Structures are given as structure tokens and as C-alpha cells.
Amino acid sequence: MSDDQQMTAAGNEMSASFLAAKRLSEQTKAQLDANPGRFTMLTGDRPTGRLHLGHYFGSIQERVAMQNKGVHSNIIIADYQVITDRDTTEHIEDNVLNLVLDYLAAGIDPTKTMIYTHSAVPAENQLMLPFLSLVTEAELHRNPTVKSEMEASGHALTGLLLTYPVHQACDILFCKANVVPIGKDNLPHVEITRTIARRFNERYAPKHPVFPEPSAILSEAPEIPGLDGRKMSKSYGNSIMLGATAQETTKLIKKSPTDSERRITFDPINRPQVSALLTTAGLVTDRDPKDIAEEIGDAGAGALKQYVIDSVNEFLAPHRERRAELAKDMDSIRDILRDGNNRANAIAEQTLDEVRAAMGMRY
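These numbers come from a predicted model, not from an experiment. Every chain is numbered on its own, with residues counted from 1 as its sequence reads. Totals for whole chains, interfaces and linings use every residue, but because this is a predicted model, local features are given only for residues with pLDDT of at least 70 and side-chain atom pairs only at 80 or more, for both listing and counting. Note: side-chain values were computed over all heavy atoms of the structure, leaving out hydrogens and water.

Colleague: Would you take a moment to explain the packing of aromatic side chains for this structure?
Modeller: The description of two aromatic rings rests on the distance between their centres and on the angle between their planes. Working definition: a ring pair exists when centres of Phe, Tyr or Trp rings (six-membered ring for Trp) sit within 6.5 Å. Plane angles under 30 degrees give stacked, over 60 give edge-to-face, the rest tilted. Overall, the coordinates contain seven aromatic pairs when judged by the stated rule. An angle of 90 degrees between the planes, with centres 5.2 Å apart, marks the rings of Tyr56 and Phe57 as edge-to-face. Between buried and exposed lies partly exposed: a residue is buried under 20% and exposed over 50% of the maximum accessible area for its type, with that area taken using a 1.4 Å probe on protein chains only. For Tyr56, a relative accessible area of 16% translates into the label buried. Judged by its relative accessible area of 11%, Phe57 falls in the buried class.

Colleague: Please explain the environment of Pro257 as it appears in this structure.
Modeller: Topologically, Pro257 is positioned in the loop between helix H11 (246-254) and helix H12 (272-285). For Pro257, a relative accessible area of 31% puts it in the partly exposed group. Pro257 sits 20 residues away from Leu277 along the chain, and the two C-alpha atoms are 9.5 Å apart. Here a residue-residue contact requires only that any non-hydrogen atoms of the pair lie within 4.5 Å. In this structure, Pro257 is in contact with Leu227, Asp228 and Gln273, ignoring residues within four places of it in sequence. Counting from the N terminus, the helices are the DSSP runs of H or I reaching at least four residues and the strands are the DSSP runs of E reaching at least two.

Colleague: Sorry if this is basic, but what is going on with helix H2 (residues 53-69) here?
Modeller: Three or four residues apart is the spacing at which side chains of an α-helix point the same way, because the helix has 3.6 residues per turn. Between its terminal C-alpha atoms H2 stretches 23 Å, which fits the 24 Å expected from 17 residues at 1.5 Å a residue. Take the seven residues that end at a residue and the seven that start at it, fit an axis to each, and the angle between those axes is the bend at that residue. Along H2, the sharpest change in direction is near 40 degrees and occurs at Ser59. By this rule, a helix spans an expected 1.5 Å times one less than how many residues it contains.

Colleague: Is there a simple way to explain the domain arrangement of the protein in this structure?
Modeller: How big an interface is tends to be reported as the loss of accessible area on association of its parts. Start and end points for every domain follow an automatic or database-based domain assignment. Domain boundaries assigned for the protein yield domain 1 (16-224 + 331-359) and domain 2 (243-327). Computed over C-alpha atoms only, the centres of domain 1 and domain 2 are separated by 32 Å. Across the contact, 13 residues belong to domain 1 and 12 residues belong to domain 2. For the pair domain 1 and domain 2, the summed buried surface comes to about 1,100 Å²; carbon and sulfur atoms form 70% of the total. Per-residue buried area on domain 1 facing domain 2 is highest for Leu53, Phe57 and Ala105; these three make up 44% of the total on that side. Any carboxyl oxygen of Asp or Glu within 4 Å of a side-chain nitrogen of Lys or Arg constitutes a salt bridge here. Scanning the region where domain 1 abuts domain 2 turns up one salt bridge. Here a polar contact is taken to be a pair of N or O atoms separated by no more than 3.5 Å, where protein atoms must pair a possible hydrogen donor with a possible acceptor and residues adjacent in sequence count only if both atoms sit in side chains. The interface formed by domain 1 and domain 2 includes four residue pairs in polar contact (both at pLDDT 80 or more). Counting only elements with at least two residues in the side of domain 1 that touches domain 2, the list comes to H2 and helix H3 (92-106). Among the elements that take part in the side of domain 1 that touches domain 2, H3 stands out by supplying six residues, more than any other. What counts as buried area is the accessible surface, traced by a 1.4 Å probe, that two parts surrender upon association, with contributions from both included.

Printed below as a string of C-alpha cells:
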């Protein structure tokens, strides 16, 4: 088989795999809506900076909705995973605390959702040892997410980055999560988690399975471009941070690039920068970007930017107000994290004990 034929076959296999995952996702969503109390959800973020509008519409909004439906919800702040592709943990405490502030301001309720950090739950991380024995080196190297993250970081492949998917399996399985809301790019992580759960049960607990095989719930959120038309990213400086002031947001939008055409049209391929501004405005106003473009018409980029500024600042005003009030008592924010860590430790210790018993290692 030629290289082209192999690439085509691999592409077809990936397409079929994605379609199967999408069908499973839709079935799981229907079951979750019918009986949310049967489901445990795990999701999270790396504390590499502040959360932005892309995070809000891409994941946080859905987390709040699932929490409020009655799904058992867990959010991990993956501080250990910061060092998969970074050489420093500078500012990590500030980043962690600001994540918690944004979660709470967005509607995450710590009495309903457990918020915890990787580094504070040793029993969860101890699951890495048996889990690593259940995957091959070839399976780890094949993971496309690991490849893309290594290329983006410009770093050599570290042992931690190579085993990143196994670490995520520990995150998901320690609390017996059976649903994981993700974007398409992270589907391989859930697939390897399902593989690890299945192999552990088959090898060590065939009669009384320890772990569920979690299902991915694929995000319906559109990809949200940054203000310059590229992917929204903290590293590009093109993101509207949830915790930014109205003045900071205004300044950022005013300096965002557009093009030389005066008439405003929505054309993501040929006019990515103008269309990125229209997409942002559409999200925060719940309007069609094409309608906004038609409304602005020949008024030009200045009128478009002012519309985006007004819309974004109005949308974020309640979040900023709640956030500022919460930030007045950072001891309470630390208490919420400490409580979440304590709850996570109790769950992780119990799961690790079950793992030891299944492996015949409870002496």
C-alpha cells in the first residue's frame, strides 16, 4: 500500500471513529437529560493563565448547565499538567485562584460541584502506576493530541507529556466519571481512558468491575476565533478575558485588526478578522453574525468595533460584578479549594483501595 493509500485509510478510519463517537455522545446526552442523577462528570482546565470568552462559550456554560440539571459534577484544576510543556510554574497560585473566581462568577456552585487541584490529591496520581501497565508505548505515541501539543510547545517529548493521556485517565476514573464533555480534538484522551478502564476490569476485576467506561459528550459550541481571526489563545493576546475590566476590553477590541473594505460583511474565509469580531458580537448577543453585519453595513470598522465593545461589556458586566465581590474575600476562595481537595482525597483513597483489593495488594 502506498503512502497516499495509507493516509486515506487512516483518514477514513478516523472519520468512522468520530461518527461512532458522535452517535454515542447523542445517545448519552438523551440519557443524561432523562436521568441526570445517574451521571458523574469530570472536566477541567490547566492553570496556564486566565479564562476567556472562548472558555466560557466552549465549556463553562455547559458545565453550569449540567451541574444545574443534577449531574454529579467535578472540575479539576490540572496544575501538574502545566509542566507537560512548560519549564516554569511561575504565577501558578495566582492562576489557580483566578480560575476558581471565574468558575464561581460564571455560576459553578461549590456545594454541587467539587473543585480540586491535581497536586493536592496524591491517591489519584498513584493510579498512574497500574494504569501505565495497561497501555503500550506505541499507543501513547499514536495519540494525535500529544503530537499536536508537542509540536505547539516546541519542546522535546517529555515523559510527562507522553503519558498525559494516562494522567487524564486517572482524573476521569478516580471519581468514576462516566461522562466527559470535550471538544473533538480531545476525543483520543477519552478513548484511551475507556481502553484503560476496560483492560483493568478484564485483567483484575472481571466479576466486579471497578471502573465505568466513560462516554464523551462532544461540545456543540462553535470554534470561537480570537479578535485577529486566528484561534482564540492566551498566547496570541487575542482573547477577551472574563476577568478583564471594561476599559481593558475596550482597548483590546479597538486595536484589533480589520481590513480596508468599508462595508461590513460576514465572510470567515475571505474576511477572517472582520468575521471574528462579528462572531464575538453574535455570541454575546445571541444574534446571527450576518444580521449584525447587515445592520452595520457601510458604517465601517469603527462602528463594528463599537458594537462589539458595547455588546461584550454589557454581557460581561454581571460576571465582573460577581467576580469583584468574590475577590474581596480570597480566604473564602482558598477555603472552597481546600474543601474540594479534601473531598477529592476521600474519593481517591477509596478508589485506590478498590484498585489494590482487585490487584490483590491489600496487605
